[in-house]
Amino acid sequence: MTKTILCIVGTRPEAIKMAPVILALRREPWAKVVVVATAQHRELADEVLSLFGIEPDVDLDLMQPNQKLADLTARALVGLDRVIGETSPDMVIAQGDTTSVMAAATACFYRQVPFLHVEAGLRSFDMQNPFPEEFNRIVASRIATLHFAPTASARRHLLDEKVPEGDIVVTGNTVIDALHMVAAQDLPLPVAIAPDRRLVLVTVHRRENFGEPIQGICRAILTLVEEHDDVEVLWPVHPNPNVTGVAHALLGTNPRVHLVKPQPYGGFVAAMKRAHLILSDSGGVQEEAPALARPVLVLRRETERPEAIEAGVVRLIGTDSDVILRHGRELLSDADAYRRMARGESPYGDGHASGRIVEAIKARFLSS
Ligand code: UD1
Ligand code: UDP
């Protein structure tokens, strides 16, 4: 008996984390996989899907420049509702906590279609940080009928919210599956970095960091570069105009700060491998960098990914430029402190999460 499965992909990290699931489901003879790109991200998500050889079956083409949350949500909900109506799926799968995921879960609720949530149970316990993702992931959990928790602590959060134990499967995070698929490639960096230079890799995109926080991050980066002659910064700048404008205005002229376009996934992984230190507010980077033994300073006030922090391989430091400077200076000058963070402890998965997800779907939907 064939099961029709809608796989929803909205943004770059969803494409990265859903690709291993989509590829694993496509190998199953019983699964009719329909990939739906909301295109909340246009070129960032397209690039990842094509890297993994995935062509969307449906493309809602939602992205607009500097899109606003309510408008994006409304258009995603209407578009996804229509696709669900047209394809009558047996289930819908989505990953994470973006607007696309919240809209997919809501559309499933209205249509009474089972919603399966990948990377379920992450919580910062602060509705404003990250904004609006904490809200999105809570909505997704309330609606999901099967929850793929990446870690034991994510499972505990769901149990605390009265999700039935039998509806939760701890799978590991599919980002590590994706990382394993591309990490062996040794791609060139977008700018040549001399072997004796230490590379500091930066990414910033969170909405709560727009304005003064990003400015503070830029000021700290500039000072770190001025204080350390052997440091070069590579920052693939997120195309959100709230990020590009500030980054280019404050850092655009320093010859050792390389502001480049967002990198294809394989190239970005190569940059993480080459990096001495990573400064980021990204969720995915917090999960990948520990697997590559690279220390991360997380430029956020809260994180829903405490495991690597508890392991001591990631530090949550916020966006105050003095605090960023203190931690940056320490890791650039204290070899022991650096070594303690660059241990390669990887709490987020073993590269087999997508296989576990497929097995859990079979157990739930094919057994009766
Ligand atoms: C979104 C998600 C965030 C996720 C992030 C991953 C929401 C509310 N936010 O944030 O949870 O961590 O994606 O990167 O769901 N843009 C382009 N081209 C692209 C992608 C974006 O030009 O391929 C520009 C557009 O101007 C767009 C803007 O970036 O309007 C913001 O995109 P949006 O998806 O709303 O927010 P992100 O900050 O990317
Ligand atoms: N990434 C990428 N190219 C870049 C920057 C990031 O491929 O230039 C990857 C990164 O390896 C990670 C994912 O994008 O897997 C994280 O995406 P992002 O930081 O946009 O979103 P978040 O994870 O915070 O939701």
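Positions within a chain are numbered from 1, following the residues in the order the chain's sequence is written. By the order in which they are written, chains take letters starting at A while ligands take numbers starting at 1. Given that this is a predicted model, residues contribute local features only at a pLDDT of at least 70 and side-chain atom pairs are listed and counted only at 80 or more, while totals for whole chains, interfaces and linings are drawn from all residues. In computing side-chain properties, one takes all heavy atoms of the structure into account and sets aside hydrogens as well as water.

Asker: With reference to specific residues and values, describe the sheet that holds strand S9 (residues 231-236).
Answerer: Paired strands, as defined in this entry, are two strands with at least two bridges between them according to DSSP. Helix numbers and strand numbers start at the N terminus; a helix is a DSSP run of H or I with at least 4 residues, a strand a run of E with at least 2. In space, the six strands of this open sheet follow the order S10-S9-S8-S11-S12-S13, with parallel pairing throughout. Of all strands in the sheet, those bounded by a partner on one side alone are strand S10 (257-260) and strand S13 (314-316). Averaged over neighbouring strand pairs, the angle between their axes works out to 20° when direction is ignored. When strand S11 (residues 277-280) meets strand S12 (residues 296-298), the two strands line up parallel, connected through three bridges. Bridging across to S12, serine 280 finds its partner in valine 298. Here helix H9 (residues 241-251) sits on the sheet in contact with S9 and S10, set at roughly 155° to S10. Orientation is described by lines fitted to C-alpha atoms, with helices fitted over the stretch in contact, and by angles between N-to-C directions that extend from 0 to 180 degrees. Note on definitions: a residue-residue contact is assigned when non-hydrogen atoms from the two residues lie within 4.5 Å.

Asker: Run through the site of ligand 2, naming residues and quoting values.
Answerer: It suffices for a single heavy atom of a residue to lie within 4 Å of a molecule or strand for the residue to be listed as near it. Around ligand 2 lies a shell of 15 residues, among which Gln263, Ser282, Gly283, Gly284 and Glu288 are the nearest. Polar contacts here mean pairs of N or O atoms no more than 3.5 Å apart (in protein, one a potential hydrogen donor and the other a potential acceptor; neighbouring residues in sequence count only if both atoms are side-chain atoms). Contact distances for ligand 2 include 2.6 Å between an oxygen atom and a side-chain N or O atom of glutamate 288. For the accessible areas, the method is Shrake-Rupley and the probe is 1.4 Å, while residue cover comes only from the protein chains on display. For ligand 2, the accessible surface in isolation is 540 Å², of which the surrounding protein chains cover 95%. At the level of secondary structure, the elements contributing two or more residues to the shell around ligand 2 comprise helix H1 (12-26), helix H10 (265-274) and helix H11 (283-291). The nonpolar class holds Ala, Val, Leu, Ile, Met, Phe, Trp, Tyr, Cys and Pro. Asp, Glu, Lys and Arg form the charged class, and all remaining residues, Gly among them, are polar. Along the lines of polarity and charge, the residues of the shell around ligand 2 split into seven nonpolar, five polar and three charged.

Asker: Hey, could you go over the UniProt feature "domain: UDP-N-acetylglucosamine 2-epimerase" (unreviewed entry) in the chain for me, with residue numbers and the actual values?
Answerer: Residues given the UniProt feature "domain: UDP-N-acetylglucosamine 2-epimerase" (unreviewed entry) here are residues 24-362. The span residues 24-362 is 45% helix and 15% strand, and its two end C-alpha atoms sit 12 Å from each other. UniProt positions are given in the numbering used here, feature names are shortened, and annotations may be inferred rather than shown by experiment.

Asker: How would you explain the pairing of S9 if you had to name every residue and give the values?
Answerer: Of all the six residues making up S9, six are buried; the element is thus mostly covered by neighbouring parts of the structure. Residues of S9 alternate between two faces, with Val231, Val233 and Trp235 on one and Glu232, Leu234 and Pro236 on the opposite face, all of them buried. A right-handed crossover is one whose linking path, passing over the helix from the first strand to the second, runs clockwise when the strands point away from the viewer. As a crossover connection, the stretch from strand S8 (residues 198-203) through helix H8 (residues 212-227) into S9 is right-handed. In the sheet, S9 pairs with S10 via four bridges, with the strands oriented parallel. Between buried and exposed lies partly exposed: a residue is buried under 20% and exposed over 50% of the maximum accessible area for its type, with that area taken using a 1.4 Å probe on protein chains only.

Asker: Could you give an account of the nonpolar core, with specific residues and numbers?
Answerer: Definition of nonpolar core: a set of buried residues of the types Ala, Val, Leu, Ile, Met, Phe, Trp, Tyr and Cys, connected through side-chain atoms within 4.5 Å. Judged by nonpolar contacts, the single largest core of 60 residues is most densely connected at Leu25, Phe52, Tyr265 and Ile361. It is H1 that provides the largest number of residues to this core, a total of nine residues. Excluding residues that lie within four positions of it along the chain, isoleucine 361 makes contacts with Leu25, Trp30, Met91, Ile93, Leu116, Phe148 and Leu366. By size, the runner-up hydrophobic cluster in this structure holds 32 residues, among which are Val200, Ile217, Val233 and Trp235.

Asker: Please provide a residue-by-residue account of the site of ligand 1, values included.
Answerer: The immediate surroundings of ligand 1 are formed by 24 residues, with Gln40, His41, Gln64, Thr99 and Glu133 found nearest. Separating an oxygen atom of ligand 1 from a side-chain N or O atom of histidine 41 is a distance of 2.6 Å. Expressed as a share of its isolated accessible area of 740 Å², the protein-covered part of ligand 1 is 95%. Split by residue class, the shell around ligand 1 holds eight nonpolar, 11 polar and five charged.

Asker: Requested: an account of the packing of H1 against helix H7 (residues 174-182), with residues and values cited.
Answerer: Running from amino to carboxyl end, H1 crosses H7 at an angle of 85°, the nearest separation of the two axes being 7 Å. Comparing the axis directions of H1 and H7 gives the class roughly perpendicular. For the pair H1 and H7, the contacting residues are Ile16, Lys17, Pro20, Val21 and Leu23 in the first and Thr174, Val175, Asp177, Ala178 and Met181 in the second. Looking at side-chain class alone, the contact of H1 with H7 contains seven nonpolar, one polar and two charged residues. The scheme is simple: roughly parallel for angles under 35 degrees, roughly antiparallel for over 145, roughly perpendicular for 65 to 115, oblique for anything else.

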